[in-house]
Amino acid sequence: MSRRYDESDGTREFPPGVADPPAWVSRRDFLTLLGAGAALAAGACMRRPDKPILPYVQAPADVVPGMPLYYATAMPLDGYATGVLVRSDTGRPTKVEGNPDHPASLGASGALEQASLLELYDPHRTGAMRAGRRRTTWGAFKAGFAPPALSRRVGARGAGLRVLMPPTTSPLTASLLERLRETYPEARTYFYAPLESPARIEASRKALGTALVPQYDFRAADVVVALDADVLAAGPFNLRYAREWADRRRTEPSAQLHVVEPTPTPTGTLAARRLGATWSAIGPIAAALMDTLGHDARPTGHVAGASTASLAALTPEARAWVSAVAADLAAHAGHSIIVCGERQPAEVHVLTSAMNDALGNVGATVWYTPPAVLDDGGPAHDLAALAAELRSGAVDTLVILEGNPCYAAPADLELSRTVGAVHNTVYLGAYDDETARVSAWHLPAAHYLESWGDARAYDGTTSLIQPIIAPLHDGRTTDEVLAVLAGRPNDSAHDLLRDAWNRQRGPGARMDGESDWNDALRRGVVSGSASARSTPAIRADAVAQATAALAARGATRGQIEIGFVPGRAVHDGRFADNGWLQELPDPVTKLTWDNAALIAPAMAARLGVATNDVVTLRVGDRALDVPALVVPGHADGAVALAMGYGRQGAEAVARGVGVSANALRTSSAPHMASTVAVLPTGRRHELALAQTHWAIEGRGSSIVGEGVEGQRSAASSVPPRKRRPLTLYEPNPPSPDGFGADQWAMVIDLDVCTGCSACVVACQAENNIPVVGKDGVMKSREMHWLRIDRYIDGPPDDPRFETQPMLCQHCEKAPCEYVCPVNATVHSEDGLNEMVYNRCVGTRFCSNNCPYKVRRFNWFDYNAEIAETERMAKNPEVTIRARGVMEKCTFCVQRIRDAQMASRLAGDAVTRPVVTACQQSCPTHAIVFGSLTDAESEVSRQFGDPRSFSALEELGTVPRVRYLARRHDGDGTDGAGGRAR
Amino acid sequence: MHITCEVAALFSPRATTIARGVIIGGLTLLVFIPAVAMGWVRTPWARGEHHAVAQPVAFDHRVHVTGLRIDCRYCHADAERTASAGLPSTNKCVACHSRTWMSAAPMAPVRQSLETGRPIAWARVTQLPDFVYFDHAIHVGRGVGCETCHGRVDRMATAEQVVPLTMGWCLDCHRNPGPRLRPLTEITTMGYRRPTADTSGARLVAQGDHIRRLTDCTTCHR
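Residues numbered from 1 in each chain as written. Chains lettered and ligands numbered in written order. Predicted model: local features only at pLDDT ≥ 70, side-chain atom pairs only at ≥ 80, totals over all residues.

Q: Just to check I follow, could you spell out the overall build of chain A for this structure?
A: Check the secondary structure of chain A and you find 31 helices and 37 strands. Within chain A, buried positions represent 56% of all 981 residues. When contacts within chain A are restricted to residue pairs at least 6 apart in sequence, those whose partners lie at least 24 apart make up 74%. (Helix = DSSP H or I, 4+ residues; strand = E, 2+ residues; numbered from the N terminus. Buried ≥ 20, exposed ≤ 12 C-beta atoms within 10 Å, placed from the backbone. Contact = placed C-beta atoms within 7 Å.)

Okay, here's the thing in structure tokens:
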């Protein structure tokens, strides 16, 4: 077990550079500065500055300073809404949490939702409206672009008007586009997002007769097969699917997940059987799987002959995977789900639908609904058509409503040049980015936390979007701009939304509408708005066609493929200016502040490249220099390159981080290209990889709990360990009232932790954790209180992944406490390892003595340099740490003390439940927190679980954080035979 | 043969005395200066006690508390609900004063605030460091009277700090709150005298015992 697959090559104790003295100051200079500093400190003593108290002039109802309010709203991403609850401290949004009533959230929130808060306060957002190089006003825009004036340019029927926006599900936007069509029948609207693919809808048109998208119920699934689908950690419903899968896995431990994927994803790391295969190999594997299953897998679970031609064409590993997975699927017909990745070709989607149908899953675990996205898969989603129109010169006015298409478009469209040549381009965008640069007009876009609007979830459920704060930069919404074009220039977004709401409910329901409206705002969802389910029969001819098409195409053996995958943190580039996300290590590669060409160890050896070596990727006549990153478990013959990097706009954080994958993308091959040449350049580019700095001295199994008795690991050779080892540390002093007080503890279930890292960003937002930048990460100075450790075991081409959230373990016998010379870290009565910033003098002894390496030191005054708006994102309940103090996880002590005070004031006998920030965000409920004194609590129950263990138990630190060991599947429970370990 | 070697006197006869003086004086100063400084910070003056803080409005607590018998919580309305006791909004001042004293000279800042919509900038009297998370609600709700920390506000023309507000002072009470607590009905009473046989404080303490100890660092620092 190791952190790096090539750990044997360098068991260095420290990353290079951390032990070097700073180059800019000599010993003499240091002493001089020390003396001067002491003199200044002595001379600067004075009464602390007076800070006035500013009460309200007119106190708003409901607002009590110090008592935060929560508002329900929804964050749209690629059009789909995820419901969130936003904490507002006297009018400042300070934290985003999941909305339990929303189908896409179920109370969880992902890393992107959490980090959207920082996006709101981003100091690099566009501050002013601009026409050409001059500042302008909203009034001037309305005068120039409302119908009478607009008609003079684009014609009375709007022939010269084009609108380009990201895909949308908003009923309000749809109604405004309808109105625009009435005003200008010849104007046309296009939708573009770099990550969307028409394949899914194309497949359903062929196989099911109409445009439908699949929906899944993971709570009823015993076997899930994901074909190039990161279903538990990406996509519009990933939080829901992860929650449901974890619930199923908890109640039914034999539930299995099988994954075939080109590049390791969080879903893949959880798989019982994981196969690495290139993008184009997924189709043949799906065909072989279907052949093996036979078309009559229902209801007996009969498996057809396993020696079909399609199976024979596969590699031995793929054959073994297909046989085992087919047997598992057949044994659970009607209780299984096959999911196909969105960007796979339509044929694979057809086969997936056919297999779900054949297994009898449709109607049980799988059903279909009409797509929520407007004109999903339709002609309006063809960016190339718009580019052709622009080139033809027929377009006078192009209105781009967010999405930064000039960056995100495939390179062959040369959209920047084409858009720049359009007579009049209006760009509504949050940043002065690539698109803003070539646009004549630039209007600041309102953030979703500043906007009125609506959006639908993946299943069609409508949510209202309400502002939590007034626009910081006079931003406008897509709907407001559309309203101007459609001839309603004076309506605010709120008026438009209210109007659409009232119209939808008819004239008689006015009074009722008011309470409905308030209810929808309060709950964050419009009741009963989910799309109707359908379970259409599959067309046999479409399946035959798809099989034939796949067989004709075949796998591209021997050629290297490149896949353009979503940047896990920056998505398609939308979040590129977000420091929290740029510094969030990728769950699998641990890469921060960069993208890289991910390649398999075998391929790296063949090419003679290693991690950090820059390679040239050549697709056709386009070339791109990218640092390589060797990833165990990656499919051989495949290169994965994350999108969303290499931004060239004016955003200071995003600019120059990584390289732009769009330079290699073409409109005919936007997601995957075969025949890429990978050429070493001999240059190097140091990547900032978190966690991989230190060797773990062979302690891996003790860290992730291998061999814990509750783990069904028959093949494991590690003997079960003793629970409480002998210790030299003195026992805790007996507390006066025994276990009378709360005793806080946490349990983390590694069996359902996907490593999605939502908790990391949630912790960062809740606890005011700073960002240190790429240099800082390279010196392992990242400040995350909670990190996700990833360990690799087994052969590099087919490794086993272990994912482990690591945070302060709140040891009962904490090694850090014994070595602090100033008592700045001490134990509280209720079992917390307390860190007292105002006592800390920064010796860092505690960090040296911490076996878990969870203590973080403020090497610089990270919070001194942040922008005024970023200060607004800080949680007022947590101290902002200054330079020179140590910090670490507090178990969200501010939430504990709050709950204790509330309980005490209300006269409750026990403390109200405390939910930590990481626990709140977790999609899989992998984190459980509570008091051990309550024997009925979930945390007490899980503390005694046979799978529970403490990390590095042999050190005798007795942590208050325990882990539940991951169950390794297929160890002789279902007769399918497991992987040899 | 006699050789006379004459060397000019390098040191005057007083040199030794001066050297001794400098050494002794230096050492004394080395002890004396820190001693004075450490003494100074322990005085009420260094802590800002008993120092009338100038306010933008000449608000007189004596008139409002003693004269008009207005409860503390009428103006400091959040004291029972949340961490900060709160100051009244301009509108709240005007609600009473619209009928009386509104045109008087001392009310000028209030009128101005009402007209411009800009808040009155009150000077802080009781100031705690940023790393201290004091919560009014739990203190008021568990029997700590206003007077215990803010003194006889009913006798103050201009509000001033009357207690040290040092960590030691806080801990004096946190270590043994019982004797300093009063019945919840007497929270805002000024000049409350504890009956000798009163055990209500001890009872309040006992009720909270199962929740937690008050001397954990994270009780106040987080």
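Q: Explain the nonpolar core to me, please; I cannot follow it from the model alone.
A: Inside soluble globular proteins, nonpolar side chains tend to come together where they are buried. The biggest cluster of nonpolar side chains holds 292 residues, and the ones touching the most others in it are Leu227(A), Ile285(A), Ala597(A), Leu617(A) and Val639(A). Element by element, the count of residues in this core is highest for helix H9 (residues 279-293) of chain A, at ten residues. Residues contacting Leu227(A), with those up to four places away along its chain left out, are Val260(A), Ile282(A), Ala286(A), Ile338(A), Val339(A), Cys340(A), Gly341(A), Gln344(A), Val348(A) and Thr352(A). Grouped together as the second largest cluster of nonpolar side chains are twelve residues, Ala79(B), Ala83(B), Val140(B) and Val144(B) included. (Core = buried A, V, L, I, M, F, W, Y, C linked by C-beta atoms within 7 Å.)

Q: Looking at this structure, I do not really get unusual backbone geometry. What am I missing?
A: A negative phi angle is the norm for most residues apart from glycine, just as the trans form is the norm for most peptide bonds. All names here are of chain A. The phi angle at Asp78 is positive, at roughly 50°, despite the residue not being glycine. With phi around 55°, Asp474 is a residue other than glycine that occupies positive phi space. Tracing the sequence through the fold places Asp474 in the loop between strand S18 (462-465) and helix H17 (478-485). Using a count of 16 C-beta atoms within 10 Å as the deciding quantity, one classes Asp474 as partly exposed.

Q: How should the interface of chain B and chain A be read in this particular structure?
A: The parts lose accessible area when they come together, and the size of an interface is often stated as this lost area. At the junction of the two partners, chain B supplies 39 residues and chain A supplies 41 residues. Those elements that provide at least two residues to the side of chain B that touches chain A are helix H4 (90-97), helix H5 (108-116) and helix H6 (136-141) of chain B. Considered class by class, the residues forming the side of chain B that touches chain A number 14 nonpolar, 15 polar and ten charged. (Nonpolar A, V, L, I, M, F, W, Y, C, P; charged D, E, K, R; others polar.)

Q: Please explain helix H7 (residues 238-251) of chain A as it appears in this structure.
A: Each α-helix turn comprises 3.6 residues. Residues three or four places apart therefore point the same way. All names here are of chain A. The first and last C-alpha atoms of H7 sit 20 Å apart over 14 residues, in line with the 20 Å expected at 1.5 Å per residue. Where burial is concerned, most of H7 is hidden: eleven out of the 14 residues are buried. Among the residues making up H7, those that are buried are Asn238, Leu239, Arg240, Tyr241, Ala242, Arg243, Glu244, Trp245, Ala246, Arg248 and Arg249. Next to the buried residues of H7 lie strand S2 (80-89), strand S8 (213-216) and strand S9 (223-227). (Expected span 1.5 Å × (residues − 1).)

Q: Just to check I follow, could you spell out the environment of Gly158(A) for this structure?
A: Residues and elements named next belong to chain A. Here Gly158 shows up in the loop between helix H4 (147-154) and strand S6 (161-165). Given 24 C-beta atoms within a 10 Å radius, Gly158 is considered buried. As for Gly158 and Leu180, which are separated by 22 residues in sequence, their C-alpha atoms are 9.3 Å apart. Those residues in contact with Gly158 that sit more than four places away from it in its chain are Tyr184, Pro185, Glu186 and Ala187.

Q: Explanation requested: the sheet that holds strand S21 (residues 597-599) of chain A in the structure shown.
A: Whenever strands of a sheet pair, they do so through backbone hydrogen bonds, lying parallel or antiparallel. All names here are of chain A. Ordered in space as S25-S19-S24-S21-S23-S22-S26, the seven strands form an open sheet in which the pairing is mixed. Strands at the two margins of the open sheet, each flanked by one partner only, are strand S25 (672-673) and strand S26 (676-684). Examined bridge by bridge, strand S19 (residues 561-565) and strand S24 (residues 638-642) share five bridges and lie parallel to one another. Directly across from Phe564, in S24, lies its bridge partner Leu641. (Pairing = 2+ DSSP bridges.)

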